[in-house]
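What follows is the residue order along each chain.
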Amino acid sequence: MAAEPLYFGVWDYVVFSAMLCVSAGIGVYYACTGGKQSTQREFLVADQSMPTLPVMMSLLASFISAITVLAAPAEVYSNGTMFWFFAVSGSFSMVLVARLFVPTFYNLGLTSTYEYLEIRFSKTVRLICTVLFVVNMLVYMGLVLYTPSLALNAVTGLTLWGSVLGMGLVCTFYTALGGMKAVMWTDTFQVVVMVAGFLAVIIQGTIEAGGPARVWELNRQGQRLEFFNFDPDPRVRHTTWNILVGGTFFRCSMYAVNQAQVQRYLSCPSIKKAQHALYWNIPGLVFFILFAVLSGMVMYARYYDCDPKTMGYISSPDQMMPYFVMDILGKFPGMPGLFTACVFSGALSTMSSGLNALAAVALDDFAKPCFPNLSDEMYTWISKGLAILFGLLTILMAFIASNLGPVFSAVISLFGMIGGPILGIFVLGMMFPCANKWGGLFGLLFSLFISLWIGMGKVVWPMSGWKPPISVDGCSAELPVNVTANFTTSPAMPTSTARYITTTTPAGPTVDQYYPPESALYELSYVYLGAVATVTCVIVGLLVSFLTGSQDPKEVDPRVIVPFYDSVFCCLPESWLRWLRCGVRHGEGEKAAVDIEMAAVASEPSPNDEGTKTQNGCNKHSPAACENGTSSEPLPNDKETKIQNGCDSHSPTTCENGLKI
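Residues numbered from 1 in each chain as written. Predicted model: local features only at pLDDT ≥ 70, side-chain atom pairs only at ≥ 80, totals over all residues. Heavy atoms only, no water.

*Asks:* Could you give an account of the state of the cysteines, with specific residues and numbers?
*Replies:* Summed over all chains, the structure comprises one disulfide. One disulfide in the model links Cys306 with Cys475; its S-S distance is 1.9 Å. Taking the sign of the S-S torsion, 115° for the link of Cys306 and Cys475, the bridge is right-handed. In this pair, Cys306 is assigned in the loop between helix 12 (271-303) and helix 13 (308-311) and Cys475 in the loop between helix 18 (437-460) and helix 19 (529-548), connecting sequence segments 169 residues apart. Each member of the pair, Cys306 as well as Cys475, is classed as buried. Among the cysteines around Cys129, which has no disulfide bond, Cys537 carries the closest sulfur, lying 8.2 Å off. On the accessibility criterion, Cys537 (0% relative accessible area) is buried. (Disulfide = S-S within 2.5 Å. Helix = DSSP H or I, 4+ residues; strand = E, 2+ residues; numbered from the N terminus. Buried < 20%, exposed > 50% of the residue type's maximum accessible area, 1.4 Å probe, protein only.)

Right, dumping it as structure tokens:
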């Protein structure tokens, strides 16, 4: 075991630098080829021409952040293999997203996900969610950039702020130059690097431990093997129930309504290809979770009788994985560099996707309303400038994170508290046509209040929880044991939400302290937090809608409501489906939407030829500019005539003679 830090050699720097150069080179390539990122459509959604492979890999890379690479194996090392069940809930959520959410966003043709909220509810709801998303992503990306740099600096000697600044500038450079195409292809390359890093750790770690059978046996003896736990207690950290329910809500908040993910599948040329990208993402998700579980098991087999944190070799769990890598791979030139490239590939993929998403949201939700008459080329330059601005803000956030002290873990918890309410407002809008704008607003605000209350309560009044035992019996006698080491959860582990921060020593009792009466809420497993927030938003939103006069489903544009029963119970008779639709005009196609919009236009004062523009295919919710009553985009052949008759060109529905069939 390495008691002293091992440092990078020449070949480690060569391997690590090669990863950075390839990533930057991809950005330069797409800046100089094709359309040279000269339009909004190309820069933000890659002209909706991306193949399934890079979209799938990019969706996967966005999930596998540097924090995941470092924290997930440490989670398995500390708490056991129940973490594997996230592969099941993640797979289930992918199917839900592909079947329910993808068609809705794709058919609306939106650049900003939150534009939907203005169409369905109000501009206020849209702006609140946009601000939450911007703050959420900036904080998260800053931590994704800072955390691996800090962990690797502690155990490898890699320069902390050199890493932060270098990673931040490289990522900002290729994202601003190459747009969405560069982001997706660099994500594809970085997934390959992450796979190579994980495999190197698992294979060499298994060899050092004495083979797969010994790894399994040591984990069994150490009470780490747990694959199903049907305990209904919601306070237990990981059970089959809370991962299945809470994990599904958590993953849906990431893949169904998060701008960074939605923007990826909207870059596919069709709904089918977008759905296939999500389906093919399932095996990748399963494999990466399997890699994380195996890495944690191998790591425990290495340190089962001499815990590095208890011995004082490291100061926090997020340093376990880098310490393990330097311990077993330090003797192989270039291998620590490969793992470092793996970690920072996760950071770059998360940051690049976030920068592109933030640029898209800021452009559509803030820049265009303030400057509505600029050219497409000018908007493209603004979006590139926004990507650079957010990249610099991310680097600044990384510097701020280093000085947050005890608040650091609270900020990590804040990231997990925002996804639930945002998912809740989308579920309310898409699944419940009777919800009105007041229900949406109050449901969102109350849900946000509840999730912040519970999440911050977990930080202020942390609860203790059972963990498998650790041992230092096999450590060298001459090395002092840090008997005051506690089981403090690292700020670098966003999934732990400080629930297990205690003042417990490995062999000592928990120190008694006062807890308020509502502290029972703070014992709730962190996995349930997103589910609680989502359900709260829906329930409060429906109650307020009924009290203030619910929305008439017949007046709702059917494109903004998910045809849930048509998708799930497609074999039911049409008369049953009509009743289940609650009056929403599903099955009547785009013509129902056009009729509703025409009625709205006729009932509102409008300047001169606005009604004519709507008839001629200019949707007031569409981001496309219109001139002289028609869309500014060229309409091939009889496309304009088809739109007049209710056939949207972005819909997969087949049209003949201008009429939907």
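After that view of the structure, there is still more to cover.
*Asks:* Please provide a residue-by-residue account of the packing of helix 5 (residues 86-108) against helix 12, values included.
*Replies:* Interaxial distance between helix 5 and helix 12 falls to 9 Å at its minimum, and their mutual angle equals 165°. Comparing their axes, helix 12 and helix 5 come out roughly antiparallel. Two packed elements cross with a definite hand, and for helix 5 against helix 12 that hand is right-handed. Here the residues of the contact of helix 5 with helix 12 are counted per class, giving 17 nonpolar, five polar and one charged. (Axes fitted to C-alpha atoms, helices over the stretch in contact; angles between N-to-C directions. Parallel < 35°, antiparallel > 145°, perpendicular 65-115°, else oblique. Left-handed = near helix turned anticlockwise from the far one by under 90°. Nonpolar A, V, L, I, M, F, W, Y, C, P; charged D, E, K, R; others polar.)

*Asks:* Can you tell me about the packing of aromatic side chains, naming the residues and giving the values?
*Replies:* Scanning the entire structure with this criterion turns up 26 aromatic pairs. With a centroid separation of 5.9 Å and 65° between ring planes, the pair formed by Phe105 and Phe426 is classed as edge-to-face. Residue Phe105 is located in helix 5, and its partner Phe426 is located in helix 17 (residues 407-431); the two are separated by 321 residues in the primary sequence. Its relative accessible area of 0% is what places Phe426 among the buried residues. (Phe/Tyr/Trp six-rings, centres within 6.5 Å; stacked < 30°, edge-to-face > 60°.)

*Asks:* For the pattern of salt bridges, give the residues involved together with the corresponding values.
*Replies:* For the coordinates displayed, the defined rule picks out 12 salt bridges. Note that Glu523 and Arg235 form a salt bridge whose closest N and O atoms lie 3.8 Å from each other. Here the residue Glu523 occupies a position in the loop between helix 18 and helix 19, and Arg235 occupies one in the loop between helix 9 (212-221) and helix 10 (240-255), the gap between them amounting to 288 residues. Judged by relative accessible area, Glu523 falls into the partly exposed class, the value being 23%. Residue Arg235 is classed as partly exposed on the basis of its relative accessible area of 41%. Within the structure, one salt-bridge network assembled from shared partners comprises Glu208, Arg302, Asp327 and Lys331. (Salt bridge = Lys/Arg side-chain N within 4 Å of Asp/Glu carboxyl O.)

*Asks:* Give me the side chain of Arg126: which residues, what numbers.
*Replies:* With respect to the element layout, Arg126 can be found in helix 7 (residues 123-156). In contact with Arg126, other than residues within four places in its own chain, are Tyr114, Glu115, Leu117, Glu118, Asp364 and Asp365. (Contact = heavy atoms within 4.5 Å.)

*Asks:* Break down the nonpolar core for me, with residues and values.
*Replies:* Ranked by size, the top nonpolar core spans 165 residues in total, and within it Ile425 and Phe426 carry the most contacts. When sequence neighbours within four positions are dropped, the list of residues in contact with Ile425 reads Leu117, Phe121, Val125, Cys129, Gly440, Leu444 and Cys537. (Core = buried A, V, L, I, M, F, W, Y, C linked by side-chain atoms within 4.5 Å.)

*Asks:* I'd like a rundown of a nonpolar patch on the surface, residues and numbers included.
*Replies:* Taken together, the side chains of Val88, Phe228, Phe230, Trp241, Leu244 and Val245 present a nonpolar region at the surface, about 530 Å² in accessible area. The element that contributes the greatest number of residues to the nonpolar patch is helix 10, accounting for three residues. Tracing the chain through its elements places Phe228 in the loop between helix 9 and helix 10. (Patch = residues over 30% accessible without salt bridge, like charges linked within 9 Å, V, L, I, M, F, W, Y side chains within 5 Å. Areas by Shrake-Rupley, 256 points an atom, 1.4 Å probe, with all protein chains shown as cover.)

*Asks:* Mind laying out helix 9, listing which residues take part and the relevant values?
*Replies:* Among all positions of helix 9, only Val215, Leu218 and Asn219 are buried. Axial view of helix 9: buried residues confined to an arc of 100°, hence all on one face. Summarising the geometry of helix 9, the exposed residues directed more than 90 degrees from the buried face are Ala213 and Gln221. Residues of helix 9 that are buried in the fold lie against helix 8 (160-209) and helix 12. Phi turns positive one or two residues past the end of helix 9, at Gln223, with a value near 60°. (Arc of directions from axis to C-beta.)

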